[in-house]
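Structural characterization, general
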Amino acid sequence: MSWGTELWDQFDNLEKHTQWGIDVLEKYIKFVKERTEIELSYAKQLRNLSKKYQPKKNSKEEDEYKYTSCKAFLSTLNEMNDYAGQHELISENMTAQIMVDLARYVQELKQERKSNFHDGRKAQQHIETCWKQLEASKRRFERDCKEADRAQQYFEKMDADINVTKADVEKARQQAQVRHQMAEDSKADYSSVLQKFNQEQHAYYHAHIPGIFQKIQEMEERRIVRLGESMKMYAEVDRQVMPIIGKCLDGIVKAAESIDQKNDSQLVVEAYKSGFEPPGDVEFEDYSQPMQRAVSDHSLSSSRGEGKAEPKFAGKSKGKLWPFIKKNKLSLKLGATPEDFSNLPPEQRRKKLQQKVDELNKDIQKEVDQRDAITKMKDVYLRNPQMGDPASLDHKLAEVSHNIEKLRLEAQKFEAWLAEVEGRLPARRQSGLYDSQTAPAVNNCVQDRESPDGSYTEEQSQESEAKVLAPDFDDEFDDEEPLPAIGTCKALYTFEGQNEGTISVAEGETLYVIEEDKGDGWTRIRRSEDEEGYVPTSYVQVYLDKNAKGAKTYI
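On a predicted model such as this, the values are computed, not experimentally measured, just so you know.

Some details on the overall build of the protein
- Of the regular secondary structure elements, the protein holds 15 helices and 5 strands.
- Burial status across the protein gives 36% buried among its 555 residues.
- When contacts within the protein are restricted to residue pairs at least 6 apart in sequence, those whose partners lie at least 24 apart make up 73%.
- Entry remark: accessible area of the protein is about 33800 Å², with carbon and sulfur atoms responsible for 52%.

Structural data, given as structure tokens:
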């Protein structure tokens, strides 16, 4: 099958067909270009999506990634980032291996096509010229033959006419001979031109055109092959990144399989465990019995009650099972987090203190390493004075040593608070071990006033802070005359008054109130004439006497 033999007369159609083939190539190049743009856009959107959901540094969101499910999500985001990189690689490879090569090939193809069809048109013009020469020779031969026939007929007519002179007849005879000779010459020329045309025509249809069309056919077939190779490369570019994309997807699956719901549940416990025991059963309060009987049942001194106004019971108490929660939230709003994290429950406070101690120890180690490095450098300077002045390092060494001492004092302060929380040391109110080193902190945090949720209930003001210092307790107990009772209270929880100025109470015990909460979170109570002290207000339910506005529960 050859276009030169099969399509010898389809020059114009072949020209249109080959142009269509080039248009197909350019269309495919445009298709690949748009695909690369889509891949780049997709990769960019994937990267932006991954960046959007990445945890922000130094934010609360970053703390959430300690859970295995959040870690798996973070791994998914990282894998998607790598996944986006593979799509960028697809775009780069398609551009370099398909678009650039095809664009260059199209330019070469256009030049080759132009050259081939130029040769074809030149061959066409040549055969058309030969045909025109043949037609001209033929017409001349035809004209000369007709002229010769007319001259012969004229001669015969003159020769037959007796009235014509002999000279006229001779002239007609000579004219006929000339015309015959011209016809013979035209015949010979026509025969020669015809023979030449036939040769040219044979060469045109059996040599020139088949050769040119064969080149065009080969060009077109190469175009088709090149298009097929580009399509294969198109698929191969995708196939090359499949292993990496597979690894990205495997990484996502592995991250999903690493999720441990039990571990996450344990982390929730560690994050929010307060360390308190659940409250006991609520006792039945018999409001039908007089207060004096209730007082005698709890071994309150009857002599203290004589001559005093009988406390008036209020209506139903509005106290709740955990009445300290709202006050804790209010105290957090009033000021910043205390330095010793006393606003947190015991377990959370212990974790925060331990974290702070670890951070301080790391800072101390860095400073120690820096001091050691400066000391070694100073020794080098001492041995080799030409390298530097040892005295120039004294200021820096003193500064680093001061920083180390400062950090160690800070670490000791937090270690003391940590030991206090863990029960390894007595309360600072008893030991006073770090009072001289941590005076500012003592002003804020010296009292152990933890309510059941572990939060301190004092208000964030200098006036209220001054009220809760240990010496205030001692000063108040130095009064010669005991304060009169202004009401009664019932212990909601057991309180171990281990610190100076406090008193231990048992859950359900009823005692006298001799001083209300002044805003510092403590209420002064009395069990007997010589046994009184402070308890956390949130641990008791207070009933004022009839001079008060009504029953009151401190929440």
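Things to note about the sheet that holds strand 2 (residues 510-515)
- If you walk across this open sheet you meet the 5 strands as 4-3-2-1-5, and the pairing is antiparallel. Both outer strands of the open sheet, strand 4 (531-536) and strand 5 (540-544), are each paired with one neighbouring strand and no more. Across the sheet, the mean angle from the axis of one strand to that of its neighbour is 40 degrees, orientation sign disregarded.
- Pairing analysis gives 4 bridges linking strand 1 (residues 487-491) to strand 2, with the strands arranged antiparallel. Paired with Lys490 across the bridge in strand 2 is Thr510.

Side note on the nonpolar core
- Ranked by size, the top nonpolar core spans 41 residues in total, and within it Leu25, Tyr28, Val32, Met94, Ile98, Phe213 and Ile216 carry the most contacts.
- Per element, the largest residue contribution to this core is 16 residues, and it comes from helix 4 (residues 68-160).
- Apart from the residues within four sequence positions on either side, Leu25 is in contact with Leu102, Tyr105, Val106, Leu109, Arg223 and Leu227.
- Core analysis: the next-biggest nonpolar cluster, separate from the first, contains 17 residues, Ile374, Tyr381, Leu407 and Leu418 among them.

Observations regarding the packing of aromatic side chains
- Under the definition given, this model contains 13 aromatic pairs.
- Ring centres 5.2 Å apart and planes at 50 degrees place the aromatic pair Trp131 and Phe197 in the tilted group. A residue pair is termed long-range when its members are at least 10 positions apart, and Trp131 in helix 4 and Phe197 in helix 5 (residues 166-257) qualify at 66 residues.
- Judged by relative accessible area, which is 5%, Phe197 ranks as buried.
- Ring centres of Tyr493 and Tyr539 lie 5.6 Å apart, and the angle between their planes is 80 degrees; this geometry places the pair in the edge-to-face category. With a gap of 46 residues between them, Tyr493 in the loop between strand 1 and strand 2 and Tyr539 in the loop between strand 4 and strand 5 connect regions that are remote in the sequence.
- Put simply, the rings of Tyr493, Phe495, Trp522 and Tyr539 pair up and form one aromatic cluster.
- If you follow Arg226 out to its NZ or CZ, it ends over the ring of Tyr105, 4.7 Å from the centre.

A short note on the pattern of salt bridges
- Within this structure, the stated rule accounts for 23 salt bridges.
- Arg140 serves as the salt-bridge partner of Asp189, at 2.4 Å between the closest nitrogen and oxygen. Of the two residues, Asp189 sits in helix 5 while Arg140 sits in helix 4, which places them 49 residues apart along the sequence.
- Here Asp189 falls in the partly exposed class, since its relative accessible area comes to 30%.
- Residue Arg524 is joined to Glu532 by a salt bridge in which the shortest nitrogen-to-oxygen separation is 2.7 Å.
- With a relative accessible area of 3%, Arg524 lands in the buried category.
- Because the salt bridges share partners, they merge into one network encompassing Glu515, Lys518, Arg524, Arg526 and Glu532.

Some words on the packing of helix 10 (residues 346-383) against helix 11 (residues 394-422)
- At a minimum axis separation of 8 Å, helix 10 and helix 11 run at an interaxial angle of 160 degrees. Taken together, the axes of helix 10 and helix 11 lie roughly antiparallel to each other. For the pair helix 10 and helix 11, the sense of crossing is left-handed.
- Across the contact of helix 10 with helix 11, the residue classes break down as 16 nonpolar, 6 polar and 13 charged.

Notes on a nonpolar patch on the surface
- Among the surface-exposed residues, Leu49, Tyr53 and Phe73 lie close enough to one another that they form a single nonpolar patch of about 280 Å² accessible area.
- Residue placement: Leu49 occurs in helix 2 (residues 11-52).
- Overall, the relative accessible area of 44% leaves Leu49 in the partly exposed class.

Notes on the environment of Val535
- Inspection of the secondary structure assignment puts Val535 in strand 4.
- Judged by its relative accessible area of 0%, Val535 is buried.
- Residues Val535 and Arg524, spaced 11 residues apart in sequence, show a C-alpha to C-alpha distance of 6.5 Å.

Brief notes about the pairing of strand 4
- Note that strand 3 (residues 522-528) and strand 4 share 6 bridges and pair antiparallel. Directly across from Ile525, in strand 4, lies its bridge partner Gly533.

Comments concerning the side chain of Ser230
- Within the element layout of this structure, Ser230 appears in helix 5.
- Judged by relative accessible area, Ser230 falls into the buried class, the value being 6%.

Rules of the game
- Each residue is numbered by its place in its chain's sequence as written, counting from 1.
- For a predicted model such as this one, the threshold for reporting local features is a pLDDT of at least 70, and the threshold for listing and counting side-chain atom pairs is 80 or more; totals across whole chains, interfaces and linings nevertheless cover every residue.
- Hydrogens are left out, water is left out, and the side-chain values use all remaining heavy atoms of the structure.
- Per the convention used, a helix needs a DSSP run of H or I reaching at least four residues, while a strand needs a run of E reaching at least two, with both numbered from the N terminus.
- Here the term buried applies to any residue with accessible area under 20% of the maximum for its type, exposed to any over 50%, and partly exposed to those in between, with areas from a 1.4 Å probe on protein chains only.
- Contact definition: two residues touch when any of their heavy atoms are within 4.5 Å.
- Calculation of accessible area relied on Shrake-Rupley with a 1.4 Å probe; when residues are assessed, cover is drawn exclusively from the protein chains displayed.
- Paired strands, in this sense, are two strands between which DSSP finds at least two bridges.
- Axis definition: a line fitted to C-alpha atoms, over the contacting stretch in the case of helices. Angles run 0 to 180 degrees between N-to-C directions.
- Definition of nonpolar core: a set of buried residues of the types Ala, Val, Leu, Ile, Met, Phe, Trp, Tyr and Cys, connected through side-chain atoms within 4.5 Å.
- Pairs were defined over the aromatic rings of Phe, Tyr and Trp, the Trp ring being its six-membered one, requiring ring centres within 6.5 Å. Orientation was assigned from the angle between planes: stacked under 30 degrees, edge-to-face over 60, tilted for the rest.
- A ring is scored as having a charge over it whenever the NZ atom of a lysine or the CZ atom of an arginine sits within 6 Å of its centre and within 35 degrees of its normal.
- A pairing counts as a salt bridge when a side-chain nitrogen of Lys or Arg comes within 4 Å of a carboxyl oxygen of Asp or Glu.
- Angular relationships are summarised with four words: roughly parallel below 35 degrees, roughly antiparallel beyond 145, roughly perpendicular across 65 to 115, and oblique for the angles in between.
- Handedness of a crossing is defined here by the sense of rotation of the near helix relative to the far one, left-handed for an anticlockwise turn of less than a right angle and right-handed for a clockwise turn.
- Residue polarity is assigned by list, with Asp, Glu, Lys and Arg as charged and Ala, Val, Leu, Ile, Met, Phe, Trp, Tyr, Cys and Pro as nonpolar; anything else, Gly included, falls into the polar class.
- Surface patches are drawn from residues lacking salt bridges whose relative accessible area is over 30%; two like charges belong together within 9 Å, two nonpolar side chains (Val, Leu, Ile, Met, Phe, Trp, Tyr) within 5 Å.

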